[in-house]
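# Analysis of the macromolecular model
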Amino acid sequence: MKSIVETKNDHKQLNHERMKTLRKLEIKPERLMKDEELITLRGGYDNYSCCICYSGMTPKGYMAALNSAECQYNCGEMGWTGSWGSGGMGNC
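Cut-offs applied
The residue numbers shown here count from 1 along each chain, following its written sequence. Where local features are concerned, this predicted model is filtered to residues with pLDDT of at least 70; where side-chain atom pairs are given and counted, the filter is 80 or more; whole-chain, interface and lining totals use all residues. Hydrogens and waters are ignored; side-chain quantities use all the structure's heavy atoms. When two cysteine sulfur atoms are found within 2.5 Å, that pair is recorded as a disulfide. Counting from the N terminus, the helices are DSSP H or I runs at least four residues long and the strands are E runs at least two residues long. Relative accessibility thresholds used throughout: buried, under 20% of the residue-type maximum; exposed, over 50%; partly exposed, between the two (1.4 Å probe, protein chains only). We call two strands paired when DSSP finds no fewer than two bridges between them. Fitting a line to C-alpha atoms yields each axis, with helices limited to the stretch in contact; the angle taken between N-to-C directions then spans 0 to 180 degrees. pLDDT measures how confident the predictor is about each residue, on a scale from 0 to 100.

### With respect to the state of the cysteines
Under the definition given, this model contains 2 disulfides. Here Cys-51 connects covalently by a disulfide to Cys-71, the sulfurs 2.0 Å from one another. On the S-S bond that ties Cys-51 to Cys-71, the torsion sits near 75 degrees, and the link is right-handed. Residue Cys-51 is located in strand 1 (residues 49–55), and its partner Cys-71 is located in helix 3 (residues 68–76); the two are separated by 20 residues in the primary sequence. Take Cys-51: its relative accessible area is 0%, and that puts it in the buried class. Looking at Cys-71, the relative accessible area reads 0%, which means it is buried. Residue pairing for Cys-53: its cysteine sulfur links by disulfide to Cys-75, the two sulfurs lying 1.9 Å apart. Taking the sign of the torsion about the S-S bond as the criterion, the disulfide between Cys-53 and Cys-75, at about -75 degrees, is left-handed. Placement of Cys-53 in strand 1 and of Cys-75 in helix 3 is noted, with a sequence separation of 22 residues between them. We note that Cys-53, like Cys-75, is buried.

Okay, here's the thing in structure tokens:
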């Protein structure tokens, strides 16, 4: 009967051999993100600011909006009013 250490070593060896067979990596160019998508994902370039949605005087949620009109539209979709500021994204 093998000891625990021998069993663990056998398991590591099997995993190592299995990983060797999986060396081929296929990258599909059409699935790569473009620079613009990465910058948007990171939050760069555009002047997004914080939009606060209200129901009456009660804040209901925060979101990023490009401008006041977008803020009003997005909050309006939920039946709320929106307040957009240009002080950065601190509250969002």
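Now, onward.
### A look at the sheet that holds strand 2 (residues 58–65)
Pairing within the open sheet is antiparallel, and its 3 strands lie in the order 2-1-3. A strand with exactly one partner marks an edge of an open sheet, and here the two such strands are strand 2 and strand 3 (81–84). Direction aside, the axes of adjacent strands within the sheet are offset by 30 degrees on average. Examined bridge by bridge, strand 1 and strand 3 share 4 bridges and lie antiparallel to one another. Paired with Ile-52 across the strands is Ser-83, a residue of strand 3.

### Regarding the pairing of strand 1
The buried fraction of strand 1 is high, at 5 of 7 residues. Bridging between strand 1 and strand 2 involves 7 bridges; their strand directions are antiparallel. For Cys-51, the partnering residue across the bridge sits in strand 2 and is Met-63. A loop of 2 residues connects strand 1 with strand 2, the two strands running antiparallel in sequence, and Gly-56 in this loop sits at a positive phi of about 70 degrees.

### Topic: the confidence of the model for the chain
In this model, the chain carries a mean pLDDT of 76, and residues with pLDDT of at least 70 account for 59%. Highest mean pLDDT in the chain belongs to helix 3 (92); lowest belongs to helix 1 (residues 4–21) (65).

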